[in-house]
Amino acid sequence: MGAGGLVVPVQGLGCMRMTAPGNPVDESAASAVVNRALDLGVTFLDTADMYGEGLNEEIVGRAVRHRRDEAVIGTKFGAVRDADDNWTIRGDAAYVRTACEASLKRLGVDVIDLYYLARRDPKVPIEESVGAIAELVAEGKVRHVGLSEVTAEELRAAHAVHPITALQSEWSLCSRRVEPVVEVCAELGVGVVPYSPQGRGLLAGGRDSLGHYSAAAFAALIDLLGELARRHGAKPGQVALAWAQHRADVWGIPVVPIPGTTNVDHLECNVGALDIALGADELEALETAAAE
């Protein structure tokens, strides 16, 4: 992924839900999921310092402590709580260093494999934020630089300061707004890490929300996912993941979705999507249904 030689599997594991608000934290269950992921070759683990206000990084770090060499850890920074207990964004150079040192400590590692700016700080030039991460790369505290939820122009500006390895943004059959930025990723050789690749559960049958679709268009898309799932002996959510994985063929760059789960059975189901090879006619049908 990217020009710096980062090697990741075709699918990663999103760890956010392990400390999601309103869900009881079960560290032993979280560790079981992470270690089963490593067993299955899903070695790319995604966390962030804002998940569980640091607890998520601690849990992921402890889960892989005895297998650190097998794991590729990506974490994000930039979202902080202000004096009024509201979330705000920071990307100034001083904070970049402070955030990185704190993440290294929580993860219990000497180096972060992929360090993302979670959101661009509108008060700080992106060149300053990325330049500060580049200094951490030079010091051996970070291996690769990533961005999340940036515009095409911001990506270009950042890449001119230091090669960007990956862009993390929401991307699924029912969320396609990132694709103009993906065009720039393809031009620059930047990999893409889609989060919520199953449409926040919408495409896996876990929610009733229609997103931006009309009721009829949503029903048609879900029916098609169900039909393709039956054809492949799979589940609709697996077909949605397979579509996301096929984006690598479409765009000619690594595309590594990071579905999140707190359950080993769900993890194994997600990994099963790697065995689904959608045909050209099936992909075209999904494109047509998703465009409605």
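Residues numbered from 1 in each chain as written. Predicted model: local features only at pLDDT ≥ 70, side-chain atom pairs only at ≥ 80, totals over all residues. Heavy atoms only, no water.

The protein carries the name Aldo/keto reductase in an unreviewed UniProt entry, which gives Saccharothrix syringae as its organism.

Undergrad: Would you explain the overall build of the protein in this entry?
TA: Of regular secondary structure, the protein possesses ten helices and nine strands. The C-alpha radius of gyration of the protein comes to 19 Å, within 12% of the 19 Å expected for a compact globule of 292 residues. For the protein, the spread of C-alpha atoms along the three principal axes comes to 50 × 40 × 40 Å. For the protein, buried positions account for 54% of its 292 residues. With an accessible surface of roughly 12400 Å², the protein has 51% of that area assigned to carbon and sulfur atoms. Computed over 26 positive and 41 negative side-chain charges, the separation of the two mean positions in the protein equals 3 Å. (Helix = DSSP H or I, 4+ residues; strand = E, 2+ residues; numbered from the N terminus. Rg over C-alpha atoms; globule rule 2.2 N^0.38 Å. Buried < 20%, exposed > 50% of the residue type's maximum accessible area, 1.4 Å probe, protein only. Areas by Shrake-Rupley, 256 points an atom, 1.4 Å probe, with all protein chains shown as cover. Lys, Arg positive; Asp, Glu negative; His and termini not counted. Charge placed at Lys NZ, Arg CZ, Asp CG, Glu CD.)

Undergrad: Could you clarify how one ought to interpret the pairing of strand E7 (residues 142-148) in this entry?
TA: Working note: regular strand, side chains alternate between the two faces of the sheet. When you tally the buried positions in E7, you get six out of seven residues, the bulk of the element. Where strand E6 (residues 112-117) and E7 come together, five bridges link them in parallel fashion. Its bridge partner being in E7, Tyr 115 is matched across the sheet by Val 145. For the handedness criterion, the β-α-β arrangement of E7, helix H5 (residues 152-161) and strand E8 (residues 166-170) is classed as right-handed. (Pairing = 2+ DSSP bridges. Right-handed = clockwise from strand over helix to strand, strands pointing away.)

Undergrad: Would you explain the packing of aromatic side chains in this entry?
TA: A ring pair, where both rings are aromatic, is described by two values, the distance of the centres and the angle of the planes. A complete count under the given rule lists three aromatic pairs for this structure. Measuring from ring centre to ring centre gives 4.8 Å for Phe 77 and Tyr 115, while their planes differ by 25°; the resulting arrangement is stacked. Taken together, the residues Phe 77 in strand E3 (residues 72-77) and Tyr 115 in strand E6 connect sequence positions 38 residues apart. For Phe 77, a relative accessible area of 0% corresponds to the buried category. Overall, Tyr 115 belongs to the buried group, its relative accessible area being 0%. Ring centres of Trp 171 and Trp 251 lie 6.5 Å apart, and the angle between their planes is 65°; this geometry places the pair in the edge-to-face category. One end of the pair, Trp 171, is in the loop between E8 and helix H6 (179-188); the other, Trp 251, is in helix H8 (residues 236-251), and 80 residues separate them in sequence. On the basis of relative accessible area, Trp 251 is assigned to the partly exposed category, the value being 22%. Each residue in the set Trp 171, Trp 243 and Trp 251 is aromatic and connected to the rest through ring pairs, giving one cluster. (Phe/Tyr/Trp six-rings, centres within 6.5 Å; stacked < 30°, edge-to-face > 60°.)

Undergrad: What should I look at first to understand the sheet that holds E8 in this one?
TA: Strand pairing in a sheet is mediated by backbone hydrogen bonds. Such pairs are either parallel or antiparallel. Strands sit in the order E1-E2-E3-E6-E7-E8-E9 across an open sheet of seven strands; the sheet is parallel. In this open sheet, the two strands that pair with only one neighbour each are strand E1 (13-14) and strand E9 (191-195).

Undergrad: Would you mind showing me how to read the nonpolar core here?
TA: Nonpolar side chains in soluble globular proteins tend to be buried together. If you look at the biggest cluster of nonpolar residues, it comprises 76 residues, and the most contacted ones within it are Leu 13, Tyr 115, Leu 147 and Leu 286. In this structure, Leu 13 is in contact with Met 18, Val 33, Val 34, Ala 37, Val 42, Phe 44, Leu 45, Asp 46, Ile 258, Pro 259, Thr 261 and Leu 267, ignoring residues within four places of it in sequence. Counting twelve residues, the second largest nonpolar core, distinct from the first, contains Phe 44, Leu 114, Ala 166 and Val 256. (Core = buried A, V, L, I, M, F, W, Y, C linked by side-chain atoms within 4.5 Å. Contact = heavy atoms within 4.5 Å.)

Undergrad: Help me understand the pattern of salt bridges, please; the structure alone is not making it clear to me.
TA: Oppositely charged side chains are able to pair whenever their charged atoms sit close together. Following the criterion strictly, the structure yields 22 salt bridges and no others. Close ionic contact of Arg 62 with Glu 27 constitutes a salt bridge, the shortest N to O distance being 2.7 Å. Of this pair, Arg 62 sits in helix H2 (residues 55-64) while Glu 27 sits in helix H1 (residues 27-39); the two residues are 35 residues apart in sequence, bridging distant segments of the chain. Here the salt bridges do not stand alone but share partners, grouping Arg 97, Glu 101, Glu 135, Glu 139 and Lys 141 into one network. (Salt bridge = Lys/Arg side-chain N within 4 Å of Asp/Glu carboxyl O.)

Undergrad: Any chance you could explain the side chain of Glu 179 here in plain terms?
TA: Looking at where Glu 179 falls in the secondary structure, it is placed in helix H6. Beyond its immediate sequence surroundings of up to four residues, Glu 179 is in contact with Trp 171, Trp 243 and Trp 251.

Undergrad: Please clarify how the layout of surface pockets should be interpreted in this entry.
TA: Sizing a probe to match a water molecule and rolling it over the atoms shows the empty space that remains. For the largest pocket, the calculated volume is near 1200 Å³. Contributing to the lining of the largest pocket are 45 residues, with Met 16, Arg 17, Tyr 195, Ser 196 and Gly 260 lying nearest its centre. At the level of secondary structure, the elements contributing two or more residues to the lining of the largest pocket comprise strand E4 (79-81), strand E5 (87-89), H8 and helix H9 (264-271). Classifying every residue of the lining of the largest pocket by side-chain character gives 17 nonpolar, 18 polar and ten charged. (1 Å grid on protein atoms, 1.4 Å probe; cavity = no way out; pocket = protein on both sides within 12 Å on 5 of 7 lines; lining within 4 Å. Points joined across faces, edges and corners; volume = space filled by probe spheres on them. Nonpolar A, V, L, I, M, F, W, Y, C, P; charged D, E, K, R; others polar.)

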